[in-house]
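Summary of structural features
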Amino acid sequence: MTSPQNDPGETDHPAEDRAHRGEDLAALLERLLAEAPDRTQKDLAGAAGISYPTLNAWMNRTRGTSRVAPETLRALVDAFRHWGVGVTPKEMFEAAGRPVPGRTDEEREGRLLTLYRQLPENKQRDLIKFAEAMLRDAAAAVQVSRVS
């Protein structure tokens, strides 16, 4: 189970959400790194707990970003915020082409896990397929909104 999270789209200044329409993760990271002139890709990789080659591949668009773990995207946001660079989780998730996950809390996750464990094995598989389909639909909606 995870600990409670802040609202993924939170920002101290909602009207100042600076997401650029159609901006992919590489463009967003490049823009944010420019706002932290004393920081490098290696600094960002270390601060976010990811390998430099992985970050560099994202920045050079030689590796896809659609499967980047939510925790990694949040870690990137945290690193930039720690450096005084304003970015919202919503900006980061949308740039990666990912839907912004809803808030989590232990009670809801515990309830879901309890229900899952009560299902027969074939229904557990069905539930996982359903959840994966929901996530794909949400990701497709993000892609459509980035293009329009």
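Our structure is the block above this text.
To keep things clear, this report deals only with the structure shown in the data block. Position numbers for residues count from 1 along each chain, tracking the sequence in the order it is written. With the structure being a predicted model, the display of local features is reserved for residues of pLDDT at least 70 and the display and counting of side-chain atom pairs for 80 or more, all residues being used for whole-chain, interface and lining totals. To obtain the side-chain values, all non-hydrogen atoms of the structure were included, while hydrogens and water were left out.

Observations regarding the environment of Ala-36
With respect to the helices and strands, the residue Ala-36 is situated in the loop between α1 (25-34) and α2 (41-48). Relative accessibility decides the category of a residue: with a 1.4 Å probe and only protein chains considered, values under 20% of the type maximum give buried, values over 50% give exposed, and everything between is partly exposed. Its relative accessible area of 7% is what places Ala-36 among the buried residues. Remark: the alpha-carbon pair of Ala-36 and Trp-83, spanning 47 residues in sequence, is separated by 7.0 Å. Whether two residues touch is decided by their heavy atoms; if any such pair falls within 4.5 Å, the residues are in contact. Those residues within four positions of Ala-36 in sequence are excluded, and the remaining contacts are Trp-83 and Val-85. Helix and strand definitions here come from DSSP, where helices need a minimum of 4 consecutive H or I residues and strands a minimum of 2 consecutive E residues; each element is numbered from the N-terminal end.

Side note on the nonpolar core
Grouping buried Ala, Val, Leu, Ile, Met, Phe, Trp, Tyr and Cys residues that are joined through side-chain atoms within 4.5 Å yields what is termed a nonpolar core. By size, the foremost hydrophobic cluster in this structure holds 27 residues, and its most contacted members are Leu-29, Leu-44, Leu-55, Leu-76, Phe-80 and Met-92. Mapped by element, the contributors of at least two residues to this core are α1, α2, α3 (52-59), α4 (70-82) and α5 (89-95). Ignoring sequence-local partners within four residues, the contact set of Leu-55 consists of Leu-29, Gln-41, Leu-44, Ala-45 and Ile-50.

Some thoughts on α4
A rise of 1.5 Å per residue sets the reference length of α4, with its 13 residues, at 18 Å; its end C-alpha atoms lie 18 Å apart and thus fit the reference within 8%. Three or more residues of α4 are buried, namely Thr-72, Leu-73, Arg-74, Ala-75, Leu-76, Val-77, Ala-79 and Phe-80. In this structure, the buried residues of α4 make contact with α1, α2, α3 and α5. Just downstream of α4, Gly-84 is the residue with a positive phi angle, here 85 degrees. Given the number of residues in a helix, its expected span is that number minus one, multiplied by 1.5 Å.

Considerations on α3
Along α3, the residues classified as buried are Thr-54, Leu-55, Ala-57, Trp-58 and Met-59. Elements that come into contact with the buried residues of α3 comprise α1, α2 and α4. A positive backbone phi angle near 60 degrees is found at Arg-61, which sits one or two residues after α3.

Some points on the packing of aromatic side chains
Only the six-membered ring of Trp is used, alongside the rings of Phe and Tyr, when aromatic pairs are assigned; centres must lie within 6.5 Å, and planes under 30 degrees apart are stacked while those over 60 apart are edge-to-face, with the rest tilted. The final tally for this structure, using the stated rule, is one aromatic pair. Ring geometry for Phe-80 and Trp-83: centres 5.8 Å apart, planes at 85 degrees, overall edge-to-face. With respect to burial, Phe-80 and Trp-83 carry one shared label: buried. Here, a charge over a ring means that NZ of Lys or CZ of Arg falls within 6 Å of the ring centre while also lying within 35 degrees of the ring normal. Positioned over the ring face of Tyr-52 is Lys-42, at 5.3 Å from the centre of the ring.

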